[in-house]
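What follows is each chain in one-letter form.
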Amino acid sequence: DAGITQSPRHKVTETGTPVTLRCHQTENHRYMYWYRQDPGHGLRLIHYSYGVKDTDKGEVSDGYSVSRSKTEDFLLTLESATSSQTSVYFCAIPSGRVAGELFFGEGSRLTVL
Amino acid sequence: AQSVTQPDIHITVSEGASLELRCNYSYGATPYLFWYVQSPGQGLQLLLKYFSGDTLVQGIKGFEAEFKRSQSSFNLRKPSVHWSDAAEYFCAVGAPGGSYIPTFGRGTSLIVHP
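Residues numbered from 1 in each chain as written. Chains lettered and ligands numbered in written order. Predicted model: local features only at pLDDT ≥ 70, side-chain atom pairs only at ≥ 80, totals over all residues. Heavy atoms only, no water.

Brief notes about the pairing of strand β11 (residues 108-112) of chain A
All names here are of chain A.
- Burial along β11 is one-sided: the residues S108, L110 and V112 are buried and none of R109 and T111 is.
- By the bridge criterion, four bridges tie strand β2 (residues 10-13) to β11 in an arrangement that is parallel. The residue bridging V12 from the neighbouring strand is T111, located in β11.
- Bridging between strand β9 (residues 87-94) and β11 involves three bridges; their strand directions are antiparallel. The residue bridging Y89 from the neighbouring strand is S108, located in β11. (Buried < 20%, exposed > 50% of the residue type's maximum accessible area, 1.4 Å probe, protein only. Helix = DSSP H or I, 4+ residues; strand = E, 2+ residues; numbered from the N terminus. Pairing = 2+ DSSP bridges.)

As structure tokens, this is what we get:
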């Protein structure tokens, strides 16, 4: 199976502080995705990457930036965290079988006080 | 643009009863369709998918789903629910117009009574 490691798995921070979440994959996929999950909203795409230094915005990209300096790592940064960014963040990569089929990491729970 | 609607926020069934979770999509052509399951505190796991061919697809854990083009639906079914099926279920659609990046529904929470 594909390997994704998200870190940290849990983080509590204060409003206004910067936060970086890391997604590390061992499958050498071009595509990587960041979603956030909130009750009543399901999963919403924040940003995605289609190669090293190639990224694009998703549905809810405001307040987030991403970077991909090497194939295996996709970083999600909250420059100045707000309480509305309290959420569970999931990284995903293609599972390689059908276009659109994803394999997800275990998630990073972020609480902004 | 593609979109997905899961009209039921919560579904409660008794163990052993049958289950149907509804999913409707919006897209001009036939998209790729997925159902994922999320157990508490876990990531999402693919249950089944449809992209062509037979409109009744079988998945893991005894689940199946039927693609109905005329109704723009992809409902998930299971003939007999087990307590371990209690989880959050997400329908998703991927389409060429969106580079196949899947759009997810809001999810349906399944509660199973003993």
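Some details on the interface of chain A and chain B
- Across the boundary between the two partners, chain A contributes 20 residues, which contact 18 residues of chain B.
- When the two sides are added together, the surface that chain A and chain B hide from each other amounts to roughly 1,600 Å², 63% of it contributed by carbon and sulfur.
- Contact with chain B buries surface across chain A, with L43, V98 and F104 of chain A losing the most and accounting together for 27% of the total.
- At the surface where chain A touches chain B, the tally comes to one salt bridge.
- Salt-bridge contacts for K49 of chain B lead to E101 of chain A; the nearest nitrogen and oxygen are separated by 2.8 Å.
- Counting across the interface, chain A meets chain B through five residue pairs in polar contact (both at pLDDT 80 or more).
- Elements supplying a minimum of two residues to the side of chain A that touches chain B: β4 (32-38), β5 (42-51) and β10 (102-104) of chain A. (Contact = heavy atoms within 4.5 Å. Buried area = accessible area lost by both parts, 1.4 Å probe. Salt bridge = Lys/Arg side-chain N within 4 Å of Asp/Glu carboxyl O. Polar contact = N/O pair within 3.5 Å; in protein donor to acceptor, adjacent residues only side chain to side chain.)

So, the layout of surface pockets
- Quantified by volume, the largest pocket comes out at close to 590 Å³.
- Mapped onto the lining of the largest pocket, the elements with two or more residues apiece are β4, β9 and β11 of chain A together with β10 (87-94) of chain B.
- Considering every element that reaches the lining of the largest pocket, the biggest residue donor is β11 of chain A, with four residues.
- Class assignment of the residues belonging to the lining of the largest pocket gives a composition of nine nonpolar, 17 polar and six charged. (1 Å grid on protein atoms, 1.4 Å probe; cavity = no way out; pocket = protein on both sides within 12 Å on 5 of 7 lines; lining within 4 Å. Points joined across faces, edges and corners; volume = space filled by probe spheres on them. Nonpolar A, V, L, I, M, F, W, Y, C, P; charged D, E, K, R; others polar.)

Structural measurements only, silent on function.
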